[in-house]
Amino acid sequence: MSFEAPTYRSEEGSPNRSPIFLRSVISFRPKNPYIIPIMKGIPMDEHAQQEKHSTLEQILEQRKEKIARIREMGIDPFPYAYEVTHRSAEVADGFESLENTQVSVAGRLMTIRKMGKASFAHLQDGAGRIQLYLSRDDIGETAYDMFKLLDIGDIAGVRGLVMKTRTGEVTVKAQELTLLAKNIRPLPIVKEKDGVVYDAFADKELRYRKRYLDLIVNPEVKDVFVKRAKIIRATRDFFDSRGYLEVETPVLQPLYGGANARPFITHHNSLDMDLYLRIADELYLKRLIVGGFDKVYEFSRNFRNEGMDRNHNPEFTAIEFYEAYVDYYYMMDLIETYFHTIADAMGTPVLNYKDASIDLTLPFDRKPMADLFTEHLGLDIAACSEGDFAAWCREHQVEFDPKWNYGQFLDKLFDEFIEPKLIRPTFVIDYPKAISPLAKVKRNGDARFVERFELFICGAEYVNAFSELNDPLDQRERLEGQDRLRVQGDDEAQAFDEDFIQAIETGMPPTGGVGIGLDRVIMLFTGQTSIKDVLLFPAMRTEKSS
RNA sequence: GGGUGUGUAGCUCAGCCGGUAGAGCAGCGGCCUUUUAAGCCGUUGGUCGAAGGUUCGAUUCCUUCCACACUCACCA
């Protein structure tokens, strides 16, 4: 079953607690330093002259000038490699054993404090920051003269002795300074004292558009993506260790299916045919189950041409996995284990998310959808008709569309009144058949329901799973039904995929299938409330060149 | 799509009831060999998001547009 992006219902508009989000918004567009102005029809020299008036252009010119001056000193401002022996954190953490020994570190200059013939600076590398002490007497006059030309943002390497300053900060006392790459475009200058951040680079638009600056200047951003990588690694280990085969199926599909969503459409020139970017990989993974791979999974980048908000990005990552000979009960156990495993890998058995405390070590609740309706709305859905739902809506002054069928009523009411209340991890089981065209009918029960579960945490959906439908006659009928809806104008109904039906007709074993919204899981484990903050390059409108 | 808000120097922000703009940081020029939001002296830099309108005069008021954020809806 493919994952369908959920909707958060919880409170709060305040995005993040981190200090970098404190300041308000500023504009940058007309003079954005990271966009090279395009001035058609103006010769370069004239162009440069024109732009001399802007500070930014001045800075760019000054720094280009510095590059020239450094070259005149016989120094290559862009050398090819540098031998690094230690990362910043290793020097700081290993001071006891490293004191007075020689190390070489490399990174970006983030602070510079010049005091005449000696200076301090901070170098930032992938592991953190380390202070440098550079004196003319230690590194020589030429190197020191070059140092005076360096700017915040330059990449440099330093070889020197580990020491502590009199304020106790571990510092590399430079014996040798090597410029590794000259910066010409100024960085946002962020300062910090006693944990208070000054002049934070907090404009969300700029941060998303210029993620490289965000990463340089706001180190906590990096942590989120390190955690993201960890979760992906742990997920892959989880499936690999259980004998699942990682597969890759088409992103460009002649028909889109496996979920209800509008697709992106593209065109293949030599085939002269339209193709769709996948909205799910479900139908292909099932073909592989038919083909005899008993356990498969895929990290599937899906594309849905729909609204964007802090829970939806047009492209997002789902993990789908399918296992032959198991049902949705088995998959519920597996999902519970999955969350325990990730929590374990992240060292966070208890999560604090959106003002809720989520203990992932406890068993997850399992509640039939029907029970939740009884509990929250006092509705006995087994006995309800469309008319009964309509009456209930009228009575409770809830807007509804009289054309809704049984399943749609259940879906909408669930969404509105029940989902937001599912804070503790809860498997909601047994969904209406009408909204689950790929799931098997509930065994020994009401034929209007299917064996499907979704996992909710903090009022949001994380997982969607079925006992997969493998009766080809039933499957054909249901997809035909979807296709009729589509033809009638429901542009999110699933298209009819004859080859998929033929695959099912070939014989698919009983199969359990699951889709997990990976971005959601990452949000949960990193405490982020916007999907943009777990995507390195979230979708943004392109900037109009003025 | 609706609502609210924001957009002023490279960055972070002031700018009252209309009189064409300021600060800190960064930059530039000096001084300074254990500083750390280094400090001190001097200094460059702005089509006030865009276009219209009102006005003698608009960063300021009005309209439209653009971008973003938040939010509601739709969509899952």
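Higher on the page you've got the structure.
Residues numbered from 1 in each chain as written. Chains lettered and ligands numbered in written order. Predicted model: local features only at pLDDT ≥ 70, side-chain atom pairs only at ≥ 80, totals over all residues. Heavy atoms only, no water.

Turning our eyes to something else, we now look at the sheet that holds strand 20 (residues 511–517). Sheet architecture is open: eight strands sit in the order 8-12-13-20-19-18-17-16, paired in mixed fashion. One side of each edge strand has no neighbouring strand; the edge strands of this open sheet are strand 8 (245–246) and strand 16 (365–368). Here strand 17 (residues 426–432) pairs with strand 18 (residues 449–457) via six bridges, running antiparallel. Looking at strand 18, one finds that Thr426 is bridged to Phe456. Together, strand 13 (315–324), strand 16, strand 17, strand 18, strand 19 (460–467) and strand 20 form the strand contacts of helix 11 (residues 328–346), whose direction differs from that of strand 18 by roughly 10°. (Pairing = 2+ DSSP bridges. Helix = DSSP H or I, 4+ residues; strand = E, 2+ residues; numbered from the N terminus. Contact = heavy atoms within 4.5 Å. Axes fitted to C-alpha atoms, helices over the stretch in contact; angles between N-to-C directions.)

With that out of the way, let us pick up the pairing of strand 1 (residues 102–115). Sheet topology note: the strand 1/strand 4 (residues 155–164) ladder contains seven bridges and is antiparallel. Residue pairing across strands places Val103 opposite Gly160, the latter belonging to strand 4. Pairing geometry for strand 1 and strand 2 (residues 118–125), over seven bridges, is antiparallel. Its bridge partner being in strand 2, Lys114 is matched across the sheet by Ser119.

The next point concerns the packing of aromatic side chains. Counted by the stated rule, this structure contains 25 aromatic pairs. With a centroid separation of 6.3 Å and an interplanar angle of 25°, the aromatic rings of Phe239 and Tyr338 are classed as stacked. Highlighted residues: Phe239 in helix 9 (residues 219–240) and Tyr338 in helix 11, separated in sequence by 99 residues. Exposure remark for Phe239: the relative accessible area of 0% places this residue in the buried category. In this structure, Arg242 is placed above the aromatic ring of Phe238, and the distance from its NZ or CZ to the ring centre is 3.9 Å. (Phe/Tyr/Trp six-rings, centres within 6.5 Å; stacked < 30°, edge-to-face > 60°. Buried < 20%, exposed > 50% of the residue type's maximum accessible area, 1.4 Å probe, protein only. Lys NZ or Arg CZ within 6 Å of the ring centre and 35° of its normal.)

Time to look at the sheet that holds strand 10 (residues 265–268). Reading across from one edge, 9-11-10 is the order of the three strands in this open sheet, with antiparallel pairing throughout. Every interior strand has two partners, whereas the edge strands, strand 9 (252–253) and strand 10, have only one. In the sheet, strand 9 pairs with strand 11 (residues 273–277) via two bridges, with the strands oriented antiparallel. Across the sheet, Leu252 pairs through a bridge with Leu277, a residue of strand 11.

Generally speaking, a soluble globular protein has its nonpolar side chains buried in company with each other. By size, the foremost hydrophobic cluster in this structure holds 50 residues, and its most contacted members are Phe321, Ile335, Phe339, Phe453 and Phe525. The biggest single contributor to this core is helix 11, with 10 residues. If we skip the residues at most four places from it in the chain, Phe525 touches Lys227, Ile231, Phe339, Ile342, Ala343, Met346, Thr348, Leu351 and Leu360. In this structure, Leu377, Phe414, Val450 and Ile504 belong to the second largest nonpolar core, which totals 41 residues. (Core = buried A, V, L, I, M, F, W, Y, C linked by side-chain atoms within 4.5 Å.)

What follows concerns the packing of helix 10 (residues 282–291) against helix 16 (residues 498–507). Contact pair helix 10 / helix 16: the axes reach a minimum separation of 9 Å and the direction vectors enclose 30°. As judged from the angle between their axes, helix 10 and helix 16 are roughly parallel. In this structure, the crossing between helix 10 and helix 16 has a hand that is left-handed. Facing Leu283, Lys286, Arg287 and Val290 of helix 10, the residues of helix 16 in contact are Asp499, Phe500, Ala503, Thr506 and Gly507. (Parallel < 35°, antiparallel > 145°, perpendicular 65-115°, else oblique. Left-handed = near helix turned anticlockwise from the far one by under 90°.)

All right, on to helix 17 (residues 518–526) then. In an α-helix, one turn spans 3.6 residues; hence positions three or four apart end up facing the same way. Among the nine residues that make up helix 17, nine are buried, leaving the element largely enclosed by the rest of the structure. Taken residue by residue, helix 17 has Leu518, Asp519, Arg520, Val521, Ile522, Met523, Leu524, Phe525 and Thr526 as its buried positions. Where helix 17 terminates, the next one or two residues include Gly527, which has phi positive at roughly 70°.

Next up on the list: helix 15 (residues 472–487). For helix 15, with 16 residues, the first-to-last C-alpha span of 22 Å sits near the 22 Å given by 1.5 Å per residue. In this structure, the buried residues of helix 15 make contact with strand 18 and helix 16. Regarding helix 15, its N-cap is Asp471, as a side-chain oxygen of that residue lies 2.9 Å from the backbone nitrogen of Leu473 further along. Looking one or two places after helix 15, you find Gly489, whose phi comes out positive at around 115°. (Expected span 1.5 Å × (residues − 1). Polar contact = N/O pair within 3.5 Å; in protein donor to acceptor, adjacent residues only side chain to side chain.)

Let us look at the side chain of Arg287. Looking at where Arg287 falls in the secondary structure, it is placed in helix 10. Taking relative accessible area as the criterion, Arg287 reaches 17% and is therefore assigned buried. Not counting residues up to four positions away in its chain, the partners in contact with Arg287 are Asp497, Asp499, Phe500 and Ala503.

Another point: the side chain of Asp533. Secondary-structure assignment places Asp533 in the segment after helix 17. No salt bridge is formed by the buried Asp533; its nearest oppositely charged neighbour, Arg207, is found at 4.3 Å. Within polar-contact distance, the side chain of Asp533 engages the side chain of Tyr208 at 2.9 Å. When residues no more than four places from it in sequence are discounted, the contact partners of Asp533 are Lys204, Arg207, Tyr208, Arg211, Val224, Phe225 and Gln528. (Lys, Arg positive; Asp, Glu negative; His and termini not counted. Salt bridge = Lys/Arg side-chain N within 4 Å of Asp/Glu carboxyl O.)

Two side chains of opposite charge can pair, provided their charged atoms sit close to one another. For the coordinates displayed, the defined rule picks out 34 salt bridges. For Arg228, the salt bridge identified is with Asp519, shortest N-O distance 2.9 Å. One end of the pair, Arg228, is in helix 9; the other, Asp519, is in helix 17, and 291 residues separate them in sequence. This pair shows no difference in class: Arg228 is buried, exactly as Asp519 is. With a shortest N-O distance of 2.5 Å, Glu451 and Arg443 are connected by a salt bridge. For Glu451, a relative accessible area of 3% puts it in the buried group. Put simply, Arg63, Lys66, Asp151, Asp154 and Lys182 are held in one network by salt bridges that share partners.

Now for the packing of helix 13 (residues 386–395) against helix 14 (residues 406–418). In contact at an axis separation of 9 Å, helix 13 and helix 14 are set at 35° when each is read in the N-to-C sense. Handedness of the crossing formed by helix 13 with helix 14: left-handed. Contacts between helix 13 and helix 14 involve Glu386, Phe389, Ala390, Trp392 and Cys393 from the first element and Tyr406, Phe409, Leu410, Leu413 and Phe417 from the second. Across the contact of helix 13 with helix 14, the residue classes break down as nine nonpolar, no polar and one charged. (Nonpolar A, V, L, I, M, F, W, Y, C, P; charged D, E, K, R; others polar.)

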